[in-house]
Amino acid sequence: MLKFLNQVGEYAKESFQAAKYIGQGLSVTFDHMRRRPITVQYPYEKLIPSERFRGRIHFEFDKCISCEVCVRVCPINLPVVDWEFNKDSKKKQLKHYSIDFGVCIFCGNCVEYCPTNCLSMTEEYELAAYERHELNFDNVALGRLPYKVTDDPMVTPMREFAYLPKGAIDPHEVSYTDRRAGLRPEEIIEK
Ligand code: SF4
Ligand code: SF4
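Residues numbered from 1 in each chain as written. Chains lettered and ligands numbered in written order. Predicted model: local features only at pLDDT ≥ 70, side-chain atom pairs only at ≥ 80, totals over all residues. Heavy atoms only, no water.

For clarity, the cut-off: UniProt positions are given in the numbering used here, feature names are shortened, and annotations may be inferred rather than shown by experiment.
Per an unreviewed UniProt entry, the protein chain goes by the name NAD(P)H-quinone oxidoreductase subunit I and belongs to Phormidium nigroviride PCC 7112. Here is the UniProt Subunit (unreviewed entry) comment for the protein chain, exactly as written: "NDH-1 is composed of at least 11 different subunits." Under the Sequence similarities (unreviewed entry) heading, UniProt states for the protein chain: "Belongs to the complex I 23 kDa subunit family."

## Topic: the environment of E45
Put simply, the rule is: The helix and strand labels rest on DSSP assignments: H or I over at least four residues marks a helix, E over at least two residues marks a strand, and numbering proceeds from the N terminus. When accessible area is computed with a 1.4 Å probe and restricted to protein chains, residues below 20% of their type maximum are described as buried, those above 50% as exposed, and intermediate ones as partly exposed.
Considering the arrangement of structural elements, one finds E45 in strand β1 (residues 45-47). Look at E45 and you get buried, because its relative accessible area is 18%. Spatially, the C-alpha atoms of E45 and T156 are 4.6 Å apart, while their sequence positions differ by 111 residues.

## Some thoughts on the site of ligand 1
Inclusion rule: For this purpose, a residue is taken to be near a molecule or strand whenever a single non-hydrogen atom of the residue falls within 4 Å of it. Here a cavity is any set of points on a 1 Å grid over the protein atoms alone where a 1.4 Å probe fits but cannot get out, and a pocket is any open set with protein on both sides within 12 Å along at least 5 of 7 lines; a residue lines the site when it has an atom within 4 Å of a point. For this analysis, a molecule is said to be in a pocket or cavity if more than half of its atoms are within 2 Å of the grid points defining it. Residues are grouped as follows: nonpolar covers Ala, Val, Leu, Ile, Met, Phe, Trp, Tyr, Cys and Pro; charged covers Asp, Glu, Lys and Arg; every other residue, Gly included, is treated as polar.
Around ligand 1 sit I57, C74, P75, C104, I105, F106, C107, G108, N109 and C110, and those are all the residues in its vicinity. With respect to the detected pockets, ligand 1 is housed in the largest cavity. Classifying every residue of the shell around ligand 1 by side-chain character gives eight nonpolar, two polar and no charged.

## Digging into the site of ligand 2
Around ligand 2 sit 14 residues, and of these C64, C67, E68, C70 and C114 come closest. Its atoms largely coinciding with the cavity grid, ligand 2 occupies the second largest cavity. Taken together, the residues of the shell around ligand 2 break down into 11 nonpolar, two polar and one charged.

## With respect to empty space enclosed by the protein
Convention followed: Grid points are joined across faces, edges and corners, and a volume is the space filled by probe spheres set on the points.
Per the counting criterion, the structure on display carries two cavities of 30 Å³ or more. For the largest cavity, the lining is made up of 14 residues, of which C74, L78, C104, C107 and C110 are closest to its centre. In this structure, the second largest cavity spans a volume of roughly 70 Å³. Taken together, 14 residues line the second largest cavity, and the ones lying closest to its centre are C64, C67, C70, C114 and C118. Residue composition of the lining of the second largest cavity, by class: 11 nonpolar, two polar and one charged.

## Looking at the UniProt feature "binding site: [4Fe-4S] cluster 2" (unreviewed entry) in the protein chain
This is how it is decided: Here a residue-residue contact requires only that any non-hydrogen atoms of the pair lie within 4.5 Å.
Those residues carrying the UniProt feature "binding site: [4Fe-4S] cluster 2" (unreviewed entry) are C74, C104, C107 and C110 in this numbering. The largest pairwise C-alpha distance within this set of annotated residues, which runs over 37 residues, is 10.7 Å, so the set is compact in three dimensions. Those annotated residues lining the largest cavity are, specifically, C74, C104, C107 and C110. In this structure, C74 sits in the loop between α2 (69-73) and β3 (80-86). C110 sits in the buried class, given a relative accessible area of 9%. Contact partners of C110, with chain neighbours within four places excluded, come to I57, C70, V73 and L119.

Now the structure itself:
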């Protein structure tokens, strides 16, 4: 009899624990049901990068004076500045310039210290390639105009946190009827 009562007690204890774990799991589900959806339907929707976003570097060949400051300030001496001395003008003449984005850490030092401002960080972040060597951009690839999320007619640009009301950072307890802080691009155009 005592053995039977023990088995019933164990069974009840395990049932209670199972119910507790199910409750814990469902609490996460119910918690998410109270939030606004924040999923960005990439690649049809894309977030607009912030103004100081450090994406692919843009390079202006004609402005470069081959001083190699960018190489010296780079933590991994990454930019390759290929120049030769022009005896007639007695100046360095730039032949090729390249940066390997497979190695670059996007710290922005080269951009910060370039004396002629021929380097700039863009908002381009889609740099995936099938071959790592494709990430070694020469001066032609670096000179390409940056890709902009807002210029792509196939994409709906979205602002970060724009889906939340002004001042709200946490999506919990935000009602669906509260007005979002940011305007959608079509609303901006309309305005
Ligand atoms: S961003 Fe940083 S790591 Fe990349 S090339 Fe410039 S200095 Fe070097
Ligand atoms: S610091 Fe600027 S000007 Fe000097 S070599 Fe680098 S890119 Fe050219």
